[in-house]
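If you want the building blocks of each chain, they are given just below.
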Amino acid sequence: MSSQPLQDSSNTEDSQTKIENDFLFFKSLLKKILNKINEPSLAVFLDNALSGPLPSKGVELYSLVFQVLNMIEENRAAQTRRIIENKDLSSLSGLWAHSFKKMQSYGLSENDILNVLSLVVIEPVLTAHPTEAKRATVLEQHREFYLQVVKLENSMWTQHERNQIYKELEVTLERLWRTGEIYLNKPDLMSELRNVVYYLKNVFPLAIESLDSRIKQAWNECGFNSELIEPIESINHFPLVKFGNWVGGDRDGHPFVTHEMTAFTLDHLRQQCLEIYDQKLESLTKKLSLSDLLQKPPAELLDKISLLSQGLGEKAQECIARNPDEPWRQYTNIIHAKINLTQKNSPHPLRYNNPDDFIQDLVFLAESLNAVGANNLSTADIFPLIRLVKNFGFHLAQLDIRQNSTYHEKALEQILQASGFSDYQYSKWDEEKRINFLVEELKKPRPFLISHVLPGNEAQQIIKTYQEIYQYSLTHGTLGIGAFIVSMTRSVSDLLVVYIFLREVGLFAKFNQDYACPFNPTPLFETLEDLENSSQILKRFFELSITKNSLSYQSSIHSHSSEFQQVMLGYSDSNKDAGILASQWYVYKTQKSLTEIAKNHDIKLQFFHGRGGTVSRGGGNTHSFLDALPHGSLNGKIRMTVQGESISQFFANKITATFNLEQMLATTAKTTARHIYSKKVAHPAESLINQLAHDSYSAYSSLVKQDGFITFFSEATPIDVIENSRIGSRPSRRTGKRSLGDLRAIPWVFSWNQSRFYLPNWFGVGSALESLKTHNHSGYQLLKSEISQWHFLKHLIQSVESGLLYTDVEIFSEYASLVEDPKIRDLFLNQIIKEHSLTSQHIKDLLDTKNPENRLAQESLKLRQPLLKALHLEQVNLLKLWRNQVKLAQNPQECEQTLIRLLVTVNAIAAGLKATG
């Protein structure tokens, strides 16, 4: 066992061996802590997983071990990337240097590449779906631990200094051990918002600065002209990383997201953003200590100081008097004062009305430095701040407003009734009647309701929310408002209703001799049926004058060269409906058809991918996912949800956040370049996928729609525990009904993962491939040969392989033993085992070479499996006990204690698998 871990990253020792050595070291450290705090009996369980019941605190111990192992692996991955990049910066797929070389291979010149970069806008959208099983306070301690681990990588420390770091690690580990890991009460929205803001304020500003440095390094590595990307004037060529947020705006099935919460969130995000700039300007003032005795300041700078001083009055005199003979500091002090006025929402004429005015002042400052030859200072000190403002604006993250189409329908019906319509039963109208009515109404600027009339509850909630948006837009502009997302969009009228609500609060404007809206509804196509119907919905929507005029109006107010429509695609519900193969294929086909429809209307689509944490819900490797998008569907702009535990996995610290954001940016740029500059390659296997999707769907639906399946699912997985968990403020069912259709996709996937079935990741694929091989052997061989040629097919097959990797027949059979009816248990277990064997056989046959990422995952799982097995068996035993206690209506306190023990196992297994839902 090494007593000097993590200090020699430059040699060629295998990464997995390093992980194992580091793991041994930290287990020894943990044993030392347990002995110190009088828990010696627990130390033995670090090396010997049990087959029987775990001792008291045993589950918590294994959970902590997994948390430590996850951070060791995260650090080792970062160090391995450093070693590789030190040899060849372009050798890592998905990062900037690799993407630049790929763009060169497509025939792009340096200027072509710059043009592509200027098109790129990625927008990770942070959500608070109930998938993060760790408390915020635990996540904070994880960050501290990770930084200490990284600190040990530095070889400069003396042995005494290293010993001090070991002591710091001991303290952090002990703190983690003594901290209650699970939520004993459901977190409220404020807790979720605080967690999201932590990343926005403390991680992303650092990551964005690192990203820009890495673009420049990669540019130079490829031998490009540095003069094209170094000067301050090149700043508009850099791609943008904007952020979205659902906490405080996503009210789909979430009764606690009120209009007050939405208003607070909008204001809070803005204030936190301005606070960042306040801190940055304070730091900048300290740096710009240039004396006018050593360089003559430009006359324009002195004139600007004089002009702004007159407007600021006494405050300006303070700014100037504070730094005599240092005009650059004086000017920065004045900018700082203007930001302070903006923070206070002061009516002062010199407050910043928008971020562009702030950027202009910063650009002027940079140019004044360049005028005296201080280009290095402007690049190092001003460039990063301008980039931050370009990415964050004054809003930090756009707040999306999401609600279900059924809720909207009910609200409009209440508005019509309160307005005195005799035929107010909107829910009973057919689609043509709805469209005709709404289109005619939207030609008029007046609202339905007069001020003192109160409609029903749903209508009141929507109107109050939209009124808050109107007030925010009136005061601060529209940039802080994101998408108005209509969950379960099933018709054109579902989209038009959003315009009605916006008109109701005054968010309409006269434009081109007609009325237009500054916001556009975003359809969310989720189920298989909705994906199939999406083309005809969008086509008709684009043909309506209100849509065309509103898109044109939005383009004019945001100075866009094209009209953009956002479309959100859901991976979770379509997977729950149809299984992974059919779901992924229908999402792919939908993107192709919608892109063509938009092109015919001279509109560009920005796809918003509702990705979950696991591959069955669209998750997995980001650059592989982006590469797999259909040709022509990516024009530089893309949004993607980052849900629950994925936020901490992707963005826990600056190093990891920079890597994951670079993958998103660089691969988006590369894929956009391929879509624009390269011809679409015909994939002969494409004609086979329709049949595969059909056969896979048939096999999947025959399982989940079979009599008794809900009973099997309810008893063979810990779904009842997960529904009682305290890991998110949102209810796990949309309306509370006990049906599969009403169950959210997240707990559906979470429960299958916990019990190691991983069923949504693979079920139905084996049957579809078996049918193809039996009835069309040449087609099967064609499919096999196309995997290496077609990004989509490769991504799909490797995603299925990834799901199979984590499946464990022995363990999920233990969970199946919980099913009380032996006929139901044997019926479904046999079907699942048979399909698992079939799918594994075909995936192995199709993938001749192993996916290196899955190989690493397999090695990681091997380390975890003994402890995981013990945890699964503990969970099965506790499930038996708890369900029996509930059935017999025993002491509620005992039931609660058993439930808490179960929730701890859920956390521990989630940490071990590095996945929830």
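The structure we're discussing is the one just above.
This text gives an overview of the structure that appears in the document. Going along each chain's sequence as written, the residues are numbered from 1 onward. Owing to the predicted nature of the model, reporting of local features is limited to residues with pLDDT of at least 70; listing and counting of side-chain atom pairs is limited to 80 or more, with chain, interface and lining totals taken over all residues. Each side-chain value is derived from all of the structure's non-hydrogen atoms; neither hydrogens nor water enter the calculation.

Digging into the pairing of strand E5 (residues 481-487)
Next, step 1: Relative accessibility decides the category of a residue: with a 1.4 Å probe and only protein chains considered, values under 20% of the type maximum give buried, values over 50% give exposed, and everything between is partly exposed. Each helix is a run of DSSP H or I of at least 4 residues and each strand a run of E of at least 2, with the numbering of both proceeding from the N terminus. Across the seven residues of E5, seven count as buried, placing the element largely inside the fold.
Next, step 2: Inspection of the sheet shows E5 paired to strand E8 (residues 521-525) by three bridges, in the parallel sense. When the sheet's bridge partners are listed, Ile485 is paired in E8 with Thr522. Pairing between strands requires that DSSP locate at least two bridges from one strand to the other.

Here's the deal with unusual backbone geometry
Most peptide bonds take the trans form, and the phi angle of most residues other than glycine is negative.
Next, step 1: Phi at Asn345 takes a positive value of approximately 55°, unusual for a residue other than glycine.
Next, step 2: Checked against the element boundaries, Asn345 lands in the loop between helix H12 (327-343) and helix H13 (355-370).

Some details on the environment of Val121
Next, step 1: Its location among the elements puts Val121 in strand E1 (residues 121-126).
Next, step 2: The buried category is assigned to Val121, whose relative accessible area is 9%.
Next, step 3: Separated by 642 residues in the primary sequence, Val121 and Phe763 place their C-alpha atoms 36 Å from one another.
Next, step 4: Ignoring sequence-local partners within four residues, the contact set of Val121 consists of Leu240, Lys242, Gly636, Lys637 and Ile638. Contacts: residue pairs with any heavy atoms within 4.5 Å of one another.

Notes on the packing of helix H18 (residues 492-504) against helix H19 (residues 528-543)
Next, step 1: Following both chains from N to C, one finds H18 and H19 inclined at 40°, their axes separated by 9 Å at the closest point. With respect to each other, H18 and H19 are oriented oblique. Residue-level contacts link Val492, Leu495, Leu496 and Tyr499 of H18 to Ile537, Arg540 and Phe541 of H19.
Next, step 2: The nonpolar class holds Ala, Val, Leu, Ile, Met, Phe, Trp, Tyr, Cys and Pro. Asp, Glu, Lys and Arg form the charged class, and all remaining residues, Gly among them, are polar. Tallied by class, residues from the contact of H18 with H19 come to six nonpolar, no polar and one charged. Axis definition: a line fitted to C-alpha atoms, over the contacting stretch in the case of helices. Angles run 0 to 180 degrees between N-to-C directions. Roughly parallel here means an angle under 35 degrees, roughly antiparallel means over 145, roughly perpendicular means 65 to 115, and every remaining angle is called oblique.

With respect to the side chain of Thr465
Next, step 1: Relative to the helices and strands, Thr465 resides in helix H17 (residues 457-476).
Next, step 2: Exposure remark for Thr465: the relative accessible area of 1% places this residue in the buried category.
Next, step 3: If we ignore the near neighbours within four places in the chain, the residues touching Thr465 are Arg251, His259, Thr262 and Ile401.

Topic: a nonpolar patch on the surface
Next, step 1: Within the patch definition used here, like charges are joined within 9 Å and nonpolar side chains (Val, Leu, Ile, Met, Phe, Trp, Tyr) within 5 Å, considering only residues with over 30% relative accessible area and no salt bridge. Every accessible area reported is derived by Shrake-Rupley at a probe size of 1.4 Å, with residue values counting cover from the shown protein chains alone. A pairing counts as a salt bridge when a side-chain nitrogen of Lys or Arg comes within 4 Å of a carboxyl oxygen of Asp or Glu. A cluster of nonpolar residues, Leu119, Ile676 and Tyr677, forms a patch on the protein surface that exposes about 250 Å² of accessible area.
Next, step 2: Secondary-structure assignment places Tyr677 in helix H25 (residues 654-677).
Next, step 3: Classification of Tyr677 by relative accessible area gives partly exposed; the value is 36%.

Some thoughts on the pairing of E1
Next, step 1: Most of E1 is tucked away, with six of its six residues classed as buried.
Next, step 2: Two strands pair when backbone bridges link them, and E1 and strand E2 (residues 240-241) are joined in this way by two bridges, in the parallel orientation. Following the sheet pairing, Ile122 is matched in E2 by Val241.
Next, step 3: Pairing of E1 with strand E11 (residues 637-642) involves six bridges; the strand directions are parallel. The residue bridging Val125 from the neighbouring strand is Thr641, located in E11.
Next, step 4: Here two bridges tie E1 to strand E3 (residues 244-245), and the two strands are oriented parallel to one another.

With respect to the packing of aromatic side chains
Next, step 1: To pair, rings of Phe, Tyr and Trp, with the six-membered ring standing in for Trp, must have centres within 6.5 Å; the planes then decide the type, stacked if under 30 degrees apart, edge-to-face if over 60, and tilted in the middle. Applying the stated rule across the entire model yields 49 aromatic pairs.
Next, step 2: Seen in terms of ring centroids, Phe204 and Phe243 are 4.1 Å apart; in terms of plane orientation they differ by 20°. Their pairing is stacked. Residue Phe204 is located in helix H8 (residues 189-221), and its partner Phe243 is located in the loop between E2 and E3; the two are separated by 39 residues in the primary sequence.
Next, step 3: Look at Tyr352 and Phe358: their rings are 5.1 Å apart centre to centre, the planes differ by 50°, and that puts the pair in the tilted class. This pair shows no difference in class: Tyr352 is buried, exactly as Phe358 is.
Next, step 4: Feature note: the residues Phe709, Phe712, Phe713, Trp748, Trp752, Phe757, Phe812 and Phe828 constitute an aromatic cluster, connected by ring pairs.
Next, step 5: Stacked on the ring of Phe659, the Lys or Arg Arg81 has its end atom at 3.6 Å from the ring centre.
Next, step 6: For Arg639, the ring lying beneath its charged end belongs to Phe608, and the centroid distance is 4.5 Å. Charge-over-ring placement is defined geometrically: NZ (Lys) or CZ (Arg) within 6 Å of the ring centre, and within 35 degrees of the ring normal.

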